[in-house]
Amino acid sequence: MRCPFCKEEDSRVVDSRAADDGNTIRRRRECTSCGKRFTTYETVEKIPLMVIKNDGRRVVFDRNKLLNGLIRSCDKRDIPTERIIALADEIEKELRNTMNREVYTRDIGELVMEKLKNFDEVAYIRFASVYRKFADISGFREELEALLREKNPS
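Residues numbered from 1 in each chain as written. Predicted model: local features only at pLDDT ≥ 70, side-chain atom pairs only at ≥ 80, totals over all residues. Heavy atoms only, no water.

Caption draft 1: Seen up close, the UniProt feature "domain: ATP-cone" (unreviewed entry) in the chain. In the numbering adopted here, UniProt assigns the feature "domain: ATP-cone" (unreviewed entry) to residues 49-139. Segment residues 49-139 splits into 63% helix and 10% strand. End C-alpha atoms: 32 Å apart. (UniProt positions renumbered as here; feature names shortened; annotations may be inferred. Helix = DSSP H or I, 4+ residues; strand = E, 2+ residues; numbered from the N terminus.)

Structural data, given as C-alpha cells:
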C-alpha cells in the first residue's frame, strides 16, 4: 500500500479490525520510510446483478422490488417485518451466490415461490396468483391442490 505522505510503496499493518458490521476491514498502517500512520479500508467488490426481463431488457437487480413483493404477499398476516426482511436477504444471497451475473425474472419468481412455500402458505398462494397470472379460479385451485399434495403426500 502506497504511503499517502511520502509515496513509498512499503508499509506495515499495525492494527486490523472489522468495520461496517463486518463488511469492511479497517487497517491501520505505518509507512516503513517516513514512519507516518494512515488508515485503509478493504471491502468486497460487488459486481452488479443484472436481471433479464421477459422482453429481453436488462436492468440492475433491485432488492426493494423483491422486498415489496414479499411484503404485499404477507399483507395482513401475523409475520414480523424482520422475518420478511430476513427472507429477502436469504433470497438475494442465494441469487448472488450462484456466481451468475445475470438472472432471469422467471428464476427469481420461482425462487421466491420456493422460499414462500415453507415460509407462509397464504403468502405463497398470494404471490403465486400474481406471478402465475391466474386467469380464473381453476388455475388458483390447481395451485392449491399442488400445495396440498406436497404437504400431504398420501
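That shown, we press on.
Caption draft 2: Broad picture of the side chain of D120. Note that D120 resides in the loop between α3 (105-119) and α4 (121-131). Within polar-contact distance, the side chain of D120 engages the backbone nitrogen of A123 at 2.9 Å. (Polar contact = N/O pair within 3.5 Å; in protein donor to acceptor, adjacent residues only side chain to side chain.)

Caption draft 3: A look at the layout of surface pockets. Looking at the largest pocket, its volume works out to about 810 Å³. Forming the walls of the largest pocket are 23 residues, and the residues nearest its centre are K65, I108, G109, F127 and Y131. Elements with a contribution of two residues or more to the lining of the largest pocket: β5 (58-60), α1 (63-73), α3 and α4. Considering every element that reaches the lining of the largest pocket, the biggest residue donor is α1, with 6 residues. (1 Å grid on protein atoms, 1.4 Å probe; cavity = no way out; pocket = protein on both sides within 12 Å on 5 of 7 lines; lining within 4 Å. Points joined across faces, edges and corners; volume = space filled by probe spheres on them.)

Caption draft 4: Quick look at the domain arrangement of the chain. Assigned domains within the chain: domain 1 (11-43) and domain 2 (50-151). Look at where the C-alpha atoms of domain 1 and domain 2 centre, and you get two points 41 Å apart. (Domains from an automatic or database assignment.)

Caption draft 5: Seen up close, the nonpolar core. With 26 residues, the main nonpolar core has L70, I91, L95, V112 and L116 as its most contacted residues. Looking at this core, the elements with two or more residues in it are α1, α2 (81-97), α3 and α4. If you tally residues by element for this core, the top one is α3, at 6 residues. Beyond its immediate sequence surroundings of up to four residues, L95 is in contact with L49, F61, V103, I108 and L111. (Core = buried A, V, L, I, M, F, W, Y, C linked by side-chain atoms within 4.5 Å. Buried < 20%, exposed > 50% of the residue type's maximum accessible area, 1.4 Å probe, protein only. Contact = heavy atoms within 4.5 Å.)

Caption draft 6: Just the environment of P48, in detail. Mapping P48 onto the fold places it in the loop between β3 (37-43) and β4 (50-52). Placed 32 residues apart in sequence, P48 and P80 show a C-alpha to C-alpha distance of 29 Å. Aside from chain neighbours lying at most four places away, what touches P48 is V60 and R101.

Caption draft 7: Quick look at the sheet that holds β3. In spatial order, the strands read β1-β2-β3; together these 3 strands make up an open sheet with antiparallel pairing. Across the chains shown, the open sheet's two edge strands, defined by having one partner strand only, are β1 (11-19) and β3. Averaged over all pairs of adjacent strands, the angle between their axes in this sheet comes to 25 degrees, without regard to strand direction. Pairing analysis gives 7 bridges linking strand β2 (residues 24-31) to β3, with the strands arranged antiparallel. Paired with R28 across the bridge in β3 is T39. (Pairing = 2+ DSSP bridges. Axes fitted to C-alpha atoms, helices over the stretch in contact; angles between N-to-C directions.)

Caption draft 8: Focus on the environment of R57. With respect to the helices and strands, the residue R57 is situated in the loop between β4 and β5. A C-alpha to C-alpha distance of 46 Å links R57 and D15, two positions 42 residues apart in sequence. With near-sequence residues (within four places) excluded, R57 lies in contact with V51 and I52.

Caption draft 9: Geometry of the sheet that holds strand β6 (residues 102-104). The strand order across the open sheet formed by 3 strands is β5-β4-β6, and the pairing between neighbours is mixed. With partners counted over all chains shown, the strands left at the sheet margins are β5 and β6, one partner each. Neighbour to neighbour, the strand axes of the sheet diverge by 35 degrees on average, direction disregarded. Relative to β5, β4 is paired through 3 bridges, and the arrangement is antiparallel. Bridge pairing in β5 places M50 opposite V60. Running at roughly 70 degrees to β6, α3 makes contact with β4 and β6 of the sheet.

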